[in-house]
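# Results of the structural survey
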Amino acid sequence: MEGRSLVDRLRADKQEFWTQRSSYDSVARDLASHVSPFMGRFQVSDANRGDKKHQLIYDSTATGAHDVLTSGLGSGLTNQSQRWLKLKTSNDDLNEEHTVKVWLEEAGDALLDAFNESNTYASLSHIYGEVCLFGTACCIIESDDENVIHCYPLTWGQYAIGTNDKGQVNRVFREFQLSTSQMISKFGEANVSEKVRQQAKRKNWNAKWTVIHAIEPRAMGDRDPKKLDGKNMPWRSVYFEEAKSNSPDVLQESGYRELPVVAPRWKVVGANVYGASPGMDARRPIKRLQSMTKAARQTVALQARPPLQGPDLKEEEIDRNPNGYTAVTDGQEIKPLYESSADLMPLDVLLLRVQDEIDQRMYRPLFTAISDTKKDITKYEAQEIRAESLTQLGPTIGRLARELLARLCDITLGHMFDQGRLPPPPPELEGMDIKPELLGVLAQAQRAAGASASDQVQMKIGAHAATKPEVSMIMDEEYDIRTYADTVGADPRMLVSPEVYKERLEAHAKAQAAQAQSAVVAEQAGAARDMAQAEATAGA
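Because the structure is a prediction, the values reported are computed rather than measured.

Given a rise of 1.5 Å per residue, 25 residues ought to cover 36 Å, and the 34 Å separating the end C-alpha atoms of helix H14 (residues 394–418) matches this to within 8%. A maximum bend of about 40° is found in H14 at Ala401.

Encoded structure:
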């Protein structure tokens, strides 16, 4: 009875969540059909259907702008060919400990290796595309014995989300279909409904069944914190069939120690659950552009191949090729039904304006600023242009960092600890939270500003030291070098620990003192020798 009441409640919640999302579905359907038709699943049976996908796209401006924005975010935030994160703790003093720095660097290397080995980067590309078009994306991340994690990116229409009082996503429902054989394999014959078992007995292995997967926080009264099994973990995971039946409703119930979902949003207004997007901002000009382009093509087609009038001839008897000849009876002729002489120049100008509006609303100029530059530029200038462009997306990048990348790292690190894939941490890290610090283009630009300030201070000290050399002693060179290394994201292993550096300074000072002492002794010995020779010469 407890299982049935749980599924009854979840089934009602799922329907409520689907209803809440439905107000966005018409907008999402418009965007998918006019920009990226293979995105979005508006019926559970839409999977693996490729028919008539691009029938509403007459101009690919929006599709291109969406592709540029998607790839621009990927290369600017999580470029697979570059190190785009490092790990740190919430304790700034602890972050300065050399042993801690080295461990965090090694753990960061292992984390990036896990992303490379799994389908993380392909999933991130999908997530960026979803959030740019629909304003919201969703991906479930499960443990994987071979590749640490495996990501299951969803598209709009497959899921619905809910938030807590802080606006953080904490509930997810997803809907998908499994065949009879997949149902038996995943959940076991004893746990599926009688209808599924009947189809299995009839060997109807390809029959489709709609399954709901619910993920939500488990109330303290519903679990025993002292137990570590799936039904007592903080997050509940329940699979059940969409259709009610008299047989057991729960296909599978388990749990997670933390929410295994990333659900980033482009921009959230007020208490809205779902995000707004550049695609939504550009929706009306996108539809207007497709309509105008269709009309322009029809006009050109009418001018090139107008409807004809003439003698009663069969279509195959009319030669429409250049220099073609069609024989007709005297006094009859084949001629256009009407003359189309529309001037397309004003329409071309208007089309360019609408295309530019779409590009602007979908941030295309920000990511093509370098290629649009007419002159040759240096690598430094290219970095400056790119950083300036991404800075304009600051609020969105901050949200993606929190709702996507930080969550992705937390989930993956948890699985790496469970699987023993991280080096043993130093004792100082016991009980400490570890979080990622992004090193993408935007973060590098922010750090470069700090490095520039340090350079300016050094230049100021150098200017004063030219006339007053003792001013240079105000500078703490060791601190400056270590701070600069952190600012530019350098590997901390390239610098020795402060203790080793102190030992080297002391050894160097002793060596210099010994060398100076040797020089004094040698000088004194030379003076004594010279004096002895002088006395010997005088006696002679």
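Read on for the rest.
The full count for this structure, using the stated rule, is 10 aromatic pairs. Among the aromatic residues, those joined into a ring-pair cluster are Tyr24, Phe134, Trp156, Tyr159 and Tyr274. Cation over ring: Lys14 sits above Trp18, and NZ or CZ is 4.3 Å from the ring centre. The lysine or arginine in question, Arg21, covers the ring of Trp18, its NZ or CZ lying 4.7 Å from the ring centre.

A contiguous patch of negative charge, built from Asp92, Asp93, Glu97, Glu428, Glu499, Glu503 and Glu506, is present on the exposed surface. Looking at the negative patch, the elements that each hand over two or more residues are helix H3 (92–95) and helix H17 (498–539). The topology assignment puts Glu97 in the loop between H3 and helix H4 (98–117).

Turning our attention to the layout of surface pockets. Computed from the structure, the largest pocket encloses a volume of approximately 910 Å³. Surrounding the largest pocket, 38 residues form its lining, Gln158, Arg174, Glu175, Phe176 and Gln177 being those nearest its centre. When residues in the lining of the largest pocket are grouped by element, the largest group, 5 residues, is from strand E5 (residues 169–179). Its residues placed into classes, the lining of the largest pocket shows 14 nonpolar, 13 polar and 11 charged.

Moving on to the packing of H4 against H14. Taken N-terminus to C-terminus, the directions of H4 and H14 make an angle of 100°; their axes are 11 Å apart at the nearest point. The pairing of H4 with H14 is recorded here as roughly perpendicular in orientation. Of H14, the residues touching H4 (which contributes Trp103, Ala110, Leu111, Ala114 and Phe115) are Leu408, Cys409, Thr412, Leu413, Met416 and Phe417.

Bringing helix H2 (residues 61–77) into the picture now. Counted at 1.5 Å a residue, the expected span for H2 with its 17 residues is 24 Å, and the 24 Å between its end C-alpha atoms agrees. Among all positions of H2, only Thr61, Ala62, Ala65, His66, Val68, Leu69, Thr70, Gly72, Leu73, Gly74, Gly76 and Leu77 are buried.

What follows covers the nonpolar core. Among the nonpolar cores identified, the biggest contains 48 residues, and Leu73 and Phe115 are the most heavily contacted of them. Of all the elements, H14 adds the most residues to this core, at 10 residues. If we ignore the near neighbours within four places in the chain, the residues touching Leu73 are Thr78, Tyr128, Cys132, Trp266, Phe367, Leu393 and Leu400. Counting residues in hydrophobic clusters, the runner-up holds 47 residues, among them Leu10, Met39, Cys138 and Ile358.

Let us now look at the environment of Glu97. Here Glu97 falls in the partly exposed class, since its relative accessible area comes to 37%. The spatial distance from the C-alpha of Glu97 to the C-alpha of Ser497 is 8.0 Å, given a sequence separation of 400 residues.

Looking now at the side chain of Arg174. Within the element layout of this structure, Arg174 appears in strand E5. Among the polar contacts listed, one links the side chain of Arg174 to the side chain of Tyr239, at a separation of 3.4 Å. Apart from the residues lying within four places of it in its own chain, the contact partners of Arg174 are Trp18, Ile140, Leu154, Gln158, Tyr159, Val211, Ile212, His213 and Tyr239.

Looking now at the sheet that holds strand E9 (residues 261–262). If you trace the 3 strands from one edge of the open sheet to the other, you get E3-E2-E9, paired in antiparallel fashion. Of all the strands in the sheet, the pair left with one neighbour each is strand E3 (148–154) and E9. Across 2 bridges, strand E2 (residues 138–144) lies against E9 in antiparallel orientation. Across the sheet, the residue bridging to Ile140 is Val261, located in E9. Docked against the sheet, helix H5 (residues 120–134) engages E2, E3 and E9, running at close to 25° with respect to E3.

The rules we used
All residue numbers refer to position in the chain's written sequence, counted from 1. Selection of residues for local features in this predicted model requires a pLDDT of at least 70, selection of side-chain atom pairs for listing and counting requires 80 or more, and totals for whole chains, interfaces and linings are taken over all residues. Side-chain numbers come from the whole structure's heavy atoms, not from hydrogens or water. A helix here means a DSSP run of H or I that spans at least four residues, while a strand means a run of E at least two residues long, and both kinds are numbered starting from the N terminus. A helix is expected to reach a length of 1.5 Å times the quantity of its residues less one. Note on bend: at a given residue it equals the angle between the axes fitted to the 7 residues ending there and to the 7 starting there. A pair of Phe, Tyr and Trp rings is counted when the ring centres sit within 6.5 Å of each other, with Trp represented by its six-membered ring. The angle between the planes then sorts it: under 30 degrees is stacked, over 60 is edge-to-face, the rest tilted. Only when the NZ atom of a Lys or the CZ atom of an Arg is both within 6 Å of the ring centre and within 35 degrees of the ring normal do we say a charge sits over the ring. The patches reported here contain residues having more than 30% relative accessible area and no salt bridge. Joining distances are 9 Å for like charges and 5 Å for nonpolar side chains (Val, Leu, Ile, Met, Phe, Trp, Tyr). Surface accessibility in these figures is a Shrake-Rupley result with a 1.4 Å probe; residues are shielded only by whichever protein chains are displayed. Salt bridge criterion: a side-chain nitrogen from Lys or Arg within 4 Å of a carboxyl oxygen from Asp or Glu. The sign given to each residue is positive for Lys and Arg and negative for Asp and Glu; His and the chain ends receive no count. In this description, the location of a charge corresponds to atom NZ of lysine, CZ of arginine, CG of aspartate or CD of glutamate. Think of a 1 Å grid over the protein atoms and nothing else: a 1.4 Å probe that fits but is trapped marks a cavity, an open set flanked by protein within 12 Å on at least five of seven lines marks a pocket, and residues with an atom within 4 Å of a point count as lining. Grid points are joined across faces, edges and corners, and a volume is the space filled by probe spheres set on the points. Charged means Asp, Glu, Lys or Arg here, nonpolar means Ala, Val, Leu, Ile, Met, Phe, Trp, Tyr, Cys or Pro, and polar covers whatever is left, Gly included. Interaxial angle, 0 to 180 degrees, is taken between N-to-C directions of lines fitted to C-alpha atoms, where a helix line uses only the stretch in contact. Relative orientations are named as follows: roughly parallel for angles under 35 degrees, roughly antiparallel for angles over 145 degrees, roughly perpendicular for angles from 65 to 115 degrees, and oblique for any other angle. For this analysis, residues touch if any pair of their heavy atoms sits within 4.5 Å. The classification of residues rests on relative accessible area computed with a 1.4 Å probe and restricted to protein chains. Under 20% of the type maximum is buried, over 50% is exposed, and intermediate values are partly exposed. Here the nonpolar core consists of buried residues drawn from Ala, Val, Leu, Ile, Met, Phe, Trp, Tyr and Cys, with membership extended through side-chain atoms lying within 4.5 Å. Here a polar contact is recorded for every N or O atom pair within 3.5 Å, except that within protein the pair must consist of a potential hydrogen donor and a potential acceptor, and residues adjacent in sequence are included only if both atoms are side-chain atoms. Pairing between two strands is assigned when DSSP locates at least 2 bridges connecting them.

Function-wise, these values are silent; they only describe arrangement.
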